[in-house]
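Here's the letter readout for the chains.
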Amino acid sequence: MDSTIDPVSEPSTGEAWDDRTLRLLGEDGVERLRRSSVLVVGVGGVGGYAAEMLARSGVGNMTIVDSDNVAESNVNRQLIATTSTVGRPKVELFADRFRDINPEINVNPKIEFVDAEKIEDLFCNGGYDYVVDAIDTVAPKVALIAHCLRHRIPIVSSMGAGGRIDVTKVGYYDLWETREDGLARAVRQKLKAMSLRRPLKVVASTEKPMSHSLIQLETVNKRSSYGTLATIPALFGIFLANHVIRKLTGI
């Protein structure tokens, strides 16, 4: 009999999938994540990483919202995008992936574009312990933020990740203290006009976007974008998720 060990196979360590999380956060922290409910709106380059980090950290209930199918142009930076997933709904792909990571997760994928009129519908089936805003268009982004601010729902929001390459300039800021960010500027103006000049934790970069990478778009919901590396949106998403994890666990 050939007793050669398959070099691809690794022996089981006897640890559960979330054992390393348990050792770091403790039973109380892991249980808090397991009981928590998080809404992630937008699962592209930023939101996809945020959602996956939350799933891998043991968040027990997650609603993920995005209207898009995977496009070929997403493959350079979006976690779920590969040549074999092009054309398939992002939220359904992530839902299957999260169940494969944690069979006990309750994940609710919603294939829909969020506009101002639909914001209330996102919250009609109960509350969320935290909201992650990874929307990249101004009107729905402002509508979601405004709803959360008015109803005192905890939210963390991503500002612009495109056109940047310096990871050291990424960090946590208050929306009203951001600079070199056209998306943040537009959000501030809209919220100020709505008399909602309130503190808002955001992930942003102080690096000025590279103007040569600007892309003019011919879409209804978005007029322009920037060239993007995989690294910066991923880092934004990790920052978003880490903030939520620390808030939910109290660590």
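That block above? That's the structure.
The paragraphs below set out a description of the structure included in this document. This structure is a prediction, so every number in the text was calculated from the model and none was measured.

1. As for the environment of Ile155
Thinking step 1. In this fold, Ile155 is placed in strand 5 (residues 155-158).
Thinking step 2. Among all residues touching Ile155, those that are not within four sequence positions of it are Tyr130, Val131, Asp133, Leu144, Ile145, Cys148, Leu200 and Lys201.

2. Re the nonpolar core
Thinking step 1. Val38, Val40, Leu54, Met62, Ile64, Phe98 and Val132 are the most contacted members of the largest nonpolar core, which has 39 residues in total.
Thinking step 2. Only helix 1 (19-35), strand 1 (37-41), helix 2 (47-56), strand 2 (61-65), helix 3 (90-101), strand 4 (130-133) and helix 7 (231-249) provide two or more residues apiece to this core.
Thinking step 3. Ranked by residue count, the leading element in this core is helix 7, at seven residues.
Thinking step 4. Residues within four places of Val132 in sequence aside, it is in contact with Val38, Leu39, Val40, Val41, Ala50, Leu54, Val156, Leu240 and Val244.
Thinking step 5. By size, the runner-up hydrophobic cluster in this structure holds 30 residues, among which are Val65, Ile153, Val202 and Ala204.

3. With respect to the packing of helix 2 against helix 7
Thinking step 1. Viewed as axis vectors pointing N to C, helix 2 and helix 7 meet at an angle of 40°, and their least axial separation amounts to 7 Å. Taken together, the axis directions place helix 2 and helix 7 in an arrangement best described as oblique. At the point where helix 2 passes helix 7, the crossing takes the right-handed sense. Along its contact with helix 2, which presents Tyr49, Ala50, Met53 and Leu54, the element helix 7 presents Ala234, Gly237, Ile238, Leu240, Ala241, Val244 and Ile245.
Thinking step 2. Among the residues making up the contact of helix 2 with helix 7, the classes are represented as 10 nonpolar, one polar and no charged.

4. A word on the sheet that holds strand 5
Thinking step 1. Reading across from one edge, 3-2-1-4-5-7-6 is the order of the seven strands in this open sheet, with mixed pairing throughout. Strand pairing shows two members of the sheet lacking a second neighbour, strand 3 (106-110) and strand 6 (170-174), which therefore form its edges. Taken pair by pair, the neighbouring strands of this sheet meet at an average axis angle of 20°, ignoring direction.
Thinking step 2. Looking at chain direction, strand 4 and strand 5 are connected through three bridges and run parallel. Of the residues in strand 5, the one forming a bridge with Val131 is Ile155.
Thinking step 3. Helix 3 rests against strand 2 and strand 3 of the sheet, and its axis sits at about 170° to strand 3.

5. Here we look at the pairing of strand 1
Thinking step 1. The element strand 1 is extensively covered by neighbouring structure, given that five of its five residues are classed as buried.
Thinking step 2. Covered by surrounding structure in strand 1 are Ser37, Leu39 and Val41 together with Val38 and Val40, the residues of both alternating faces.
Thinking step 3. Crossover connection from strand 1 via helix 2 to parallel strand 2: handedness right-handed.
Thinking step 4. As paired elements, strand 1 and strand 4 share four bridges and run parallel to each other. Bridge pairing in strand 4 links Leu39 to Val131.

Rules and cut-offs
- Residues numbered from 1 in each chain as written.
- Predicted model: local features only at pLDDT ≥ 70, side-chain atom pairs only at ≥ 80, totals over all residues.
- Heavy atoms only, no water.
- Helix = DSSP H or I, 4+ residues; strand = E, 2+ residues; numbered from the N terminus.
- Contact = heavy atoms within 4.5 Å.
- Core = buried A, V, L, I, M, F, W, Y, C linked by side-chain atoms within 4.5 Å.
- Buried < 20%, exposed > 50% of the residue type's maximum accessible area, 1.4 Å probe, protein only.
- Axes fitted to C-alpha atoms, helices over the stretch in contact; angles between N-to-C directions.
- Parallel < 35°, antiparallel > 145°, perpendicular 65-115°, else oblique.
- Left-handed = near helix turned anticlockwise from the far one by under 90°.
- Nonpolar A, V, L, I, M, F, W, Y, C, P; charged D, E, K, R; others polar.
- Pairing = 2+ DSSP bridges.
- Right-handed = clockwise from strand over helix to strand, strands pointing away.

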